[in-house]
Amino acid sequence: RVQNVVGNSGVTHAEQGALDQILIGLAHAGQGLACVGAQLQEQQDAAVDDQLRGQGNDEGMELELSHAEAVDETEGIILTYNGKAAFAVSHLSSCVSTESGAVVYGEELPYLMPVSVLDESGFAYYKTQKHLSAEEYQNAFSSYNTSFTAENMLGEICFTEGNRVYTIEAGGLCFKGSTFARLFGLPSTCFTVSKTDNGVTLICYGNGNGAGMSRLSAVLMAKNGKSYKEILAHFYTGTLLSHICTE
């Protein structure tokens, strides 16, 4: 259900209809657009279904029509790079910029480079904030051989070109940003950690690994009049839209 990948993230029907063209174009390329999680997907599906059933009127019909038109317009079109199908991944939300394929997948993909995103702070799921006591913070590392002191609760942080945490020191050890995010249930590696009088505060921005297209920025770009072709060209550097040969 391609049209439901944004769901209840604060996207209007008009914006969702505009986004359909982008997502369907990618779906036709054979690249599955994974959502942030099964539970989130179920919530999104239910929210969209409820909205459409509740309206049963012009706006719901307009969305269905927009979706149908998007299918027709992008039929047989795939995203390519140097004559081959591109790995057209996406994520829900980014802060400042997207991330490189080299950081996320360990492989240099020229069309998956950090590019700017729009201000997505008005959407749900964009910001996550957690306040932890010193004990809660240290307990999260229980499976690692850490040795916490007052001085090493938080050490050096190194960032990627895409403004995400690449490595972070804690308890005398160095962790990958993705490992640290997973330990604390953060939805992305674009986060800050600050000490408080009795623990730490974690603030995370965006949702997903940052590779490829930010769906929420795509919504905003479409709302600002950008076509799906322009949006794909922005997020997938140097790619082309190519027609599949069916004969």
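This write-up is about the structure you can find in this document. (Residues numbered from 1 in each chain as written. Predicted model: local features only at pLDDT ≥ 70, side-chain atom pairs only at ≥ 80, totals over all residues. Heavy atoms only, no water.)

**Remarks on the environment of Tyr166**
Here comes step 1: Along the chain, Tyr166 falls in strand 6 (residues 165–170).
Here comes step 2: Residues Tyr166 and Val103 lie 63 residues apart in sequence; the distance between their C-alpha atoms is 8.3 Å.
Here comes step 3: What Tyr166 contacts, discounting residues up to four positions off in sequence, is Val103, Cys158, Phe159, Thr160, Phe175, Lys176 and Gly177. (Helix = DSSP H or I, 4+ residues; strand = E, 2+ residues; numbered from the N terminus. Contact = heavy atoms within 4.5 Å.)

**Thoughts on the side chain of Thr239**
Here comes step 1: Here Thr239 shows up in the loop between helix 8 (228–235) and strand 11 (240–243).
Here comes step 2: A relative accessible area of 12% places Thr239 in the buried class.
Here comes step 3: A distance of 2.7 Å separates a polar atom in the side chain of Thr239 from the backbone oxygen of Tyr236.
Here comes step 4: Ignoring anything within four residues of it in the chain, the contact list for Thr239 reads Leu79, Thr80, Tyr81, Ala86, Tyr111 and Leu232. (Buried < 20%, exposed > 50% of the residue type's maximum accessible area, 1.4 Å probe, protein only. Polar contact = N/O pair within 3.5 Å; in protein donor to acceptor, adjacent residues only side chain to side chain.)

**Some points on the layout of surface pockets**
Here comes step 1: In this structure, the largest pocket encloses a volume near 290 Å³.
Here comes step 2: Together, 15 residues line the largest pocket, and Val103, Val104, Gly177, Ser178 and Thr189 are the ones closest to its centre.
Here comes step 3: Breaking the lining of the largest pocket down by element, the ones donating at least two residues are helix 4 (101–105), strand 6 and helix 6 (177–183).
Here comes step 4: Among the residues making up the lining of the largest pocket, the classes are represented as five nonpolar, seven polar and three charged. (1 Å grid on protein atoms, 1.4 Å probe; cavity = no way out; pocket = protein on both sides within 12 Å on 5 of 7 lines; lining within 4 Å. Points joined across faces, edges and corners; volume = space filled by probe spheres on them. Nonpolar A, V, L, I, M, F, W, Y, C, P; charged D, E, K, R; others polar.)

**Topic: the state of the cysteines**
Throughout this description, disulfide means a covalent bond between two cysteine sulfur atoms.
Here comes step 1: Under the defined criterion, the tally for this structure stands at zero disulfides.
Here comes step 2: No disulfide involves Cys158; its nearest neighbouring cysteine sulfur is the one of Cys174, lying 6.9 Å away.
Here comes step 3: Given a relative accessible area of 30%, Cys158 falls into the partly exposed group.
Here comes step 4: Unpaired in terms of disulfides, Cys204 finds its nearest cysteine sulfur in Cys190, a separation of 6.8 Å. (Disulfide = S-S within 2.5 Å.)

In short, shape yes, function no, at least from these values alone.
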